[in-house]
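Reading the structure
What follows is each chain in one-letter form.
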Amino acid sequence: MKILVINCGSSSIKYQLFDAKMKQVMAKGIVQKIGQDDSSLRQETGQATLQRELPILSYRDGFELILQSLLDKKHGVMKDLSEITAVGHRAVHGGEKFFQSTIITEEVIQKIEEYAPLAPLHNPVNLMGIREAMRILPDITHVAVFDTAFHQTMPPKAYLYALPYEYYENNKIRRYGFHGTSGKYVSQRAVELMKLPVENLKMVVCHLGSGITVSAVSGGKSVDASSGFTPLPGVMMGTRSGDIDPGLIFYLNRQLGLSPEHIDSMLNREGGLLGVSGVSNDMRQIIDNAERGNKRCRLAMEMFTYQVKKYIGAYAAAMGGLNTLVFTAGIGENSPLIRAMICNKLEFLGIELDEKMNNEALDKEQFISAASSKVKVLVIPTNEELMIALDTLALA
Ligand code: ADP
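Residues numbered from 1 in each chain as written. Predicted model: local features only at pLDDT ≥ 70, side-chain atom pairs only at ≥ 80, totals over all residues. Heavy atoms only, no water.

Examining the nonpolar core
The nonpolar side chains of a soluble globular protein tend to be buried, and buried together. For the record, the criterion: The definition of a nonpolar core used throughout is a set of buried Ala, Val, Leu, Ile, Met, Phe, Trp, Tyr and Cys residues joined through side-chain atoms within 4.5 Å. Burial classification: accessible surface area is computed with a 1.4 Å probe over protein chains only, and a residue below 20% of its type maximum counts as buried, one above 50% as exposed, and the rest as partly exposed. For helices the rule is a DSSP run of H or I covering at least 4 residues; for strands it is a run of E covering at least 2, with both sets numbered from the N terminus onward. A contact between two residues is defined here by any heavy atoms of the two lying within 4.5 Å.
Counting 39 residues, the largest nonpolar core has Phe304, Ile312 and Leu325 as its most contacted members. Within the residue set of this core, elements represented by two or more residues are strand S9 (202–208), strand S10 (212–218), helix H10 (283–291), helix H11 (295–319), strand S12 (324–328), helix H13 (336–343) and strand S14 (376–379). Ignoring any residue separated from it by four or fewer positions in sequence, one finds Leu325 in contact with Val204, Cys206, Ile312, Cys343, Ile351, Val375, Lys376, Val377 and Leu378. One finds Tyr59, Phe63, Ile66 and Val87 within the second-largest nonpolar core, a separate group that totals 25 residues.

Written as structure tokens, this is what we have:
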């Protein structure tokens, strides 16, 4: 019994094969640069790495190659396709319809299609992956796991923008929140590690990767999130600006003559750590350069940690308290320095780090708060693929 997890990007298909009983990854891989001259597949199993450079013209070719590689006599991990019980698909936008993972039917496909304008870079490729996988594996269960689903428990006061109400009613314009599969996995692990009844937990989850969502999770349910209608707002990210004054967009357009496309690119691809530092979108480089005296890199770190700190304070107020603070994703899991800068001077909220434990917590589950800290602070490596596999298994 095996579960295949599929994550289709704009020119790639990432996949992992789980042994459903053991929750173990048997193989993981990526098909890259579909339709380009230098397309390739790389697959890793416990024993071996399979690397193939060959023309992969379409998602259909990509899927066929993935299944061939999983079945490969020398490098594969299965003898027959019938060993796959179900396929879990990452789907980005589930609109207001999907508040949990769901078995894919024709109606579900239509809904994902309907929400494509809300996530034009993601939903259409997610759908392409779903269609191809269902064509090749028609007789098994396919499950869609939506990035937005976890945040569907937000109340209207948190998800509505103060625009004329008909834009919400007619056009579904509201906050959706992203990185929800990560938020769900990490908050469920935190509930297990905290050993407290879930209804007592008032948690802030800081998913700090290339993309960022800080979320407020009360009683195990998301009640607010820093990302919005799109993944752009909230804390500044690798290349995304995060929160700005929306009036700025009109100023950039009317006074500086920048086109909407230029402004879009500036906010999504030229802002964030990259824009402020002028050096990199990668936090490791920012920290290295700041330590060697680069002032703009230092400023980028200070802005970043200040903004995360403000969300923690805001969500503690929104939930009427805080007892659990979780760091996850690339920066959250790996940077004791950034965690320490974020938590600095939050003692008044009951947050105190244990310096040694914080320094030791690299890419592993660990409490990093001092014994005297009222708020328990944890590092929990995220695992979106495992969350997708678990949801898929539950439905299959
Ligand atoms: P995504 O999956 O969204 O691409 P990740 O969760 O892998 O993103 O996070 C990428 C970010 O994590 C990058 O900014 C990278 O610099 C940062 N990161 C990874 N390792 C470290 C580290 N040791 N110290 C600081 N930042 C790190």
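Some thoughts on the packing of aromatic side chains
Definition in use: Side-chain rings of Phe, Tyr and Trp, where Trp is taken by its six-membered ring, are said to pair if the distance between their centres is within 6.5 Å; with planes under 30 degrees apart they count as stacked, over 60 as edge-to-face, and otherwise as tilted. We call a charge positioned above a ring when the Lys NZ or Arg CZ atom is no farther than 6 Å from the ring centre and deviates by at most 35 degrees from the ring normal.
Scanning the model with the defined rule gives five aromatic pairs in all. Seen in terms of ring centroids, Tyr159 and Tyr168 are 5.9 Å apart; in terms of plane orientation they differ by 45°. Their pairing is tilted. Looking at Tyr159, the relative accessible area reads 11%, which means it is buried. Under the relative-accessibility criterion, Tyr168 is labelled buried at 12%. Ring geometry for Tyr311 and Tyr315: centres 5.6 Å apart, planes at 55°, overall tilted. One end of the pair, Tyr311, and the other, Tyr315, are both in helix H11, four residues apart, so they sit about a helical turn from each other. Through a chain of ring-to-ring contacts, three or more aromatic side chains come together here, namely Tyr159, Tyr165 and Tyr168. The side chain of Lys172 reaches across the aromatic face of Tyr168, ending 5.4 Å from its centre. Over the ring of Tyr176 we find Arg174; its NZ or CZ atom is 4.8 Å from the centre of that ring.

Quick look at the pairing of strand S1 (residues 2–8)
Counted residue by residue, S1 has seven buried out of seven residues, so it is predominantly covered. Judged by which residues are buried, S1 turns out to be covered on both faces: Lys2, Leu4, Ile6 and Cys8 on one side and Ile3, Val5 and Asn7 on the other are all buried.

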